[in-house]
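Given next are the chains, with one letter for each unit.
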Amino acid sequence: MTTTTRQRRAPRPSWLLLIPALGLLAAVLLVPLGQSLLTSVGAPGFTLEHYASLFTDGVTLTVLGRTVATAAIVTAVAFLLGYPYAYLMTRVGPRLRGVLLVIVLIPFWTSVMARNYAWIVLLQRGGPVQSVFEFFGADDIAFQGSVVGVTVAMSQVLLPFMVLPLFSSLGGIDRRLLLAARGLGSSPLVAFWKIYWPLSRGGVVSGLILVFTLSLGFYVTPALLGSPQQSLIAQLLAQRTTQLLDFAGAGALGILVLVITLTLVAWANRFGGTISAIGAAATTDRKEQR
Amino acid sequence: MTISSTSRAGTPTSSASAASAASAAKQGTQIRLEGVTKDYGLAAPAVDDISLTIEPGEFMTLLGPSGSGKTTTLNLIAGFETLTSGTIALNGSDVGSLPPHKRNLGMLFQNYALFPHMTVAQNVAYPLKERKVPKAEIARRVSEVLDLVQLPDRDGNYPSQLSGGQQQRVALARAIVFNPAALLLDEPLGALDRNLRAALQTEIRRIHREVGSTFVFVTHDQEEAMNLSDRIALFNSGHIEQVGSPEQLYREPDTLFTARFLGDSNVFDLDGAASATSAGWDGRTWSIVPGTVSSHPGAANRAAVVVRPEDVRVAHDPADVPSGSNSVGAVVRDLEYMGSYRTALLDLGRVRQLGRARVDALDSTFTVGDQVTAWWKPERQRIVAA
Amino acid sequence: MTALDEHETANPATPAPAPRRPSRRDRGIDPIPWWLIVIGAVVALYFILPTLIVIPLSFSSASAFQFPPQDFSLRWYENFFTDPIWLSSLGNSFLVATLAAIIATVVGTAAAVGLDRLTGRLAAFARTLLMISLVTPAIVVAVAVYIAFLQWHLTGSVFGYVIAHAALGVPFVLVSVTAALGGFDPKLLRASASLGASPIRSFITVTMPLISRGVLTGAIFAFVTSFDEVVIALFLRSPTFQTLPVQMYNSVTFELDPTISASSSLVVVAVTIIFLVPLLIGSRRTKKR
């Protein structure tokens, strides 16, 4: 981001320009999160009991495990669908590529609640998706109120976060390398495996981590399409806060989720600037709100 | 010539390496194109019924402007494109339906096409690994071929750490390390600056000599083509205009296209068809000597006289023109200093036609505006199809 | 590749080869397999399916969530525009989103301009910090904000909504303005200064017009981000003040009110129009040239 040509000494007013933004950030993010942290360690005293109970209450770990498993499935689905799609985007002509890109961005453009409403209608008991499965004899699959429905809806919402980094990574691969490999004696499959796949790995890793991370914090979709018996970590967090008013426990859980998320993001960032990748996606499209 | 290099490379245990191949002179592969056509369904076929035989060990250049079909032809030989019709045979065996990885041809690309995630050594070893060559032999051949391209110490580097010229040397090493039946070069020097190009031209000529296999080189640069080639096939909108040695194409062009594409030339569109001994241009009659008339069938209908600027002399006094020469009166429009000589731009009294003649750099008797006579020996001219 | 291009331009004696464009030819060299096209079509359908069904649903006469829709009726639109709860939610959302977008745009543009002039680790850290809300799980922010705002008596207040949403909008403004500044030639400011303009005057007369597209884009993203935000809004709501997404959330959880179909369609259409604004402005500008 920073331009190398502008090495001249920064005049002090440049820092002053940051103050309003940092002030807003502090009021909404830093101070509340800091308070959560303090509450969670029992300020003004110090205790780790709230953290310890996360691991001993028997609920948190189960829910966390379920969340991680859901996130892993969602990530896998998004990858299996997203990789061929992103690959196709790099292969078609510019006009069709534009169409495919707009289609990727549609989940961003569709409002969160409109999309969740649509999935409820599609996946509800007796809804069209279930009817299709019933027609093929699979009549006992419950979509709404189950992890299956949550997975279907979440994968759709998160696919753009897989496709966009993949597209930018795959688009940068010189396809003539594949021709070169074939000229050097590789069959098309071997050329793909030895040349294309290793070169796309950066995009794959950042897409995987991005989707996994985002699915850990999903709240609205599991709340509407899942069931209370199979809640995910975000619902647990909300429940502890608003129903149990257990601010210390909620704080500890929130900090745990935050730490996991930021660690993953920092890791992903090493594979090609995830934060800037989301930012870049944001200028052409729009942020997903969980 | 009994052992084709196809079978040689097919047996990886063969000790023939790029360097030792030099001793076995001219064991390259014959490449034979017959009626080769590639039609994309556009207005005209990209390659239209081309027949060409590239001899074993020959350095053949496919020369032509962009869009003339030369690269498509190379891709057809390599197998990256499928034939619409025609046959392509390597040493007599038809390869038209083989996929690229089974043709055993080396290919050098303009953008080098080095695998960015592999080191120099891994890049060069790639075709050998694909052919399941034993590890020890891979190591030996990689280091031999890196010596051959004069990059012995860079095997651990990644392509991005090398200069453009070095990358192209690595690509060259990778393309010849597996003793391919022939080496196809697709404008390999196009991305390099002038000095590097010259150095790599010398290099490619040397490696061609040492390896002795067939090279097919695609370029749009006529100087490069003349420098490197045993023969040149000049392409023009999907067909081959003329095939021959660089000298033949330069001195004995068959068509106006060839004459104009290679070097500078003065072109005079004749008033009518030329007879065996004379031709008319703008009311003048010029003599023709045997052996200077193109055998191209088009020359019988519409012909032009082509004279290279270095064969045209200028004289102040028409009396100085040797008898038997062809001549035309002109006014010196401009003089361009070229270092060892000067080029006189001549106004021939015709709209949109300027002549070019070579003047000695030290001859200061000519100035702009002089009335002169331009003349040349009839044996230095060429009658081509217009 | 850029280094090579430099060589070519530096050396006019060498005719530059025509740039290779992907064309019909390349498909001959390696064709797109049919199964890839099938997968692409299926994934594309998956992408657009939920958006596709929202609009027909809104014209259904069925009083439950039903697909395919029954008969044609405008009753849910009528409901939406006559029910005071839906209308006030819509008004609240517009109010909050507008104010949040204005704050985010002003604050974010200032930060982008400031960061553009700063280099070094501290500036890079400040930039990351300002972007962090993009990757922080909304639920974590929502819970923390809820607990803090309870103490500060900001829940259920317009001010609380506005600052929370403005903070979420800042990264978008930062990114798009930074991108616009990246294409901005700093020599123009020196030229302006040499012509006698003060720094502030230069900013208003030179910088602002040239980065206005980026600012507008950022403002639109900030607006839509707020307009569509559910999670924090769910925590900050009060019986007297809630936004449209919260009302939509209520309508599928507690009331099963099909008016949400009309509301969804309206929001989808409105958001699409809002996103088309910069495109239209852009095309008009290029036409003028």
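Student: I keep staring at the overall build of chain A and nothing clicks. Help me out?
Tutor: Of the regular secondary structure elements, chain A holds 14 helices and zero strands. In chain A, which comprises 290 residues, the proportion classed as buried is 57%. Put simply, 72% of the contacts in chain A that link residues at least 6 apart link residues at least 24 apart. Here chain A displays about 11800 Å² of accessible surface, and carbon together with sulfur accounts for 68% of that area.

Student: Hey, could you run me through the packing of helix H12 (residues 233-243) of chain A against helix H13 (residues 247-269) of chain A in this one?
Tutor: Between two packed helices, both the angle of their axes relative to each other and the distance between the axes serve to describe the pair. Residue and element names in this part refer to chain A. Contact geometry for H12 and H13: axes closest at 8 Å, N-to-C directions at 155 degrees. By the angle class used here, H12 and H13 are roughly antiparallel. H12 and H13 meet at a crossing whose hand is left-handed. Every residue of H13 that contacts H12 at Ile 233, Leu 236, Leu 237, Arg 240 and Thr 241 is listed here: Phe 247, Ala 250, Leu 253, Gly 254 and Val 257. Residue classes in the contact of H12 with H13 are distributed as seven nonpolar, two polar and one charged.

Student: I would appreciate a short explanation of the interface of chain C and chain A in the present structure.
Tutor: Interface extent is often summarised as the accessible area lost during association of the parts. Between chain C and chain A, the contact holds 100 residues from the first and 91 residues from the second. For the pair chain C and chain A, the two sides together bury roughly 8700 Å², of which 77% comes from carbon and sulfur. On the chain C side of the interface with chain A, the three residues burying the most area are C:Tyr46, C:Phe47 and C:Val135, jointly 10% of the side's total. Joining chain C to chain A, the criterion identifies zero salt bridges. Considering only residue class, the side of chain C that touches chain A consists of 74 nonpolar, 17 polar and nine charged.

Student: Please explain the sheet that holds strand S14 (residues 303-307) of chain B as it appears in this structure.
Tutor: Strand pairing in a sheet relies on backbone hydrogen bonds. The paired strands run either parallel or antiparallel. All names here are of chain B. Strand order in this open sheet of three strands is S11-S14-S20, and the pairing throughout is antiparallel. Every other strand in the sheet has two partners, leaving strand S11 (266-269) and strand S20 (381-385) as the edge strands with one partner each. The average angle at which neighbouring strand axes cross in this sheet is 30 degrees, direction not considered. Judged from the five bridges that link them, S14 and S20 form a sheet pairing that is antiparallel. Pairing of Val 305 across the sheet is with Ile 383, part of S20.

Student: Explain the packing of aromatic side chains to me, please; I cannot follow it from the model alone.
Tutor: Here the structure, examined in full by the defined rule, presents 31 aromatic pairs over all chains. Consider the rings of A:Phe79 and A:Trp197, whose centres lie 6.3 Å apart with planes at 70 degrees: the pair is edge-to-face. Placement of the pair is A:Phe79 in helix H4 (residues 60-91) and A:Trp197 in helix H10 (residues 188-216), with a sequence separation of 118 residues. With centroids separated by 6.5 Å and ring planes inclined at 85 degrees, the aromatic side chains of A:Tyr87 and A:Phe192 adopt a geometry described as edge-to-face. In this pair, A:Tyr87 sits in helix H4 while A:Phe192 sits in helix H10, placing the two residues 105 residues apart along the sequence. Overall, A:Tyr87 belongs to the buried group, its relative accessible area being 13%. Note on A:Phe192: relative accessible area 27%, which makes it partly exposed. Chaining the aromatic ring pairs together yields one cluster made of A:Phe79, A:Tyr83, A:Trp193 and A:Trp197. For the cation-ring pair, A:Lys194 lies above B:Tyr126, with the distance from its terminal atom to the ring centre recorded as 5.6 Å. Looking at B:Arg174, its charged tip hangs above the ring of B:Phe115, at a distance of 4.6 Å from the centre.

Student: Is there a simple way to explain the domain arrangement of chain B in this structure?
Tutor: Residue and element names in this part refer to chain B. With domains assigned, chain B is organised as domain 1 (2-248) and domain 2 (254-385). Averaged C-alpha coordinates put domain 1 and domain 2 at centres separated by 39 Å. Counting from both sides, the interface comprises twelve residues of domain 1 and, opposite them, seven residues of domain 2. Counting the surface lost from both domain 1 and domain 2, the interface buries some 810 Å², and carbon and sulfur atoms represent 68% of this.

The rules we used
- Residues numbered from 1 in each chain as written.
- Chains lettered and ligands numbered in written order.
- Predicted model: local features only at pLDDT ≥ 70, side-chain atom pairs only at ≥ 80, totals over all residues.
- Heavy atoms only, no water.
- Helix = DSSP H or I, 4+ residues; strand = E, 2+ residues; numbered from the N terminus.
- Buried < 20%, exposed > 50% of the residue type's maximum accessible area, 1.4 Å probe, protein only.
- Contact = heavy atoms within 4.5 Å.
- Areas by Shrake-Rupley, 256 points an atom, 1.4 Å probe, with all protein chains shown as cover.
- Axes fitted to C-alpha atoms, helices over the stretch in contact; angles between N-to-C directions.
- Parallel < 35°, antiparallel > 145°, perpendicular 65-115°, else oblique.
- Left-handed = near helix turned anticlockwise from the far one by under 90°.
- Nonpolar A, V, L, I, M, F, W, Y, C, P; charged D, E, K, R; others polar.
- Buried area = accessible area lost by both parts, 1.4 Å probe.
- Salt bridge = Lys/Arg side-chain N within 4 Å of Asp/Glu carboxyl O.
- Pairing = 2+ DSSP bridges.
- Phe/Tyr/Trp six-rings, centres within 6.5 Å; stacked < 30°, edge-to-face > 60°.
- Lys NZ or Arg CZ within 6 Å of the ring centre and 35° of its normal.
- Domains from an automatic or database assignment.

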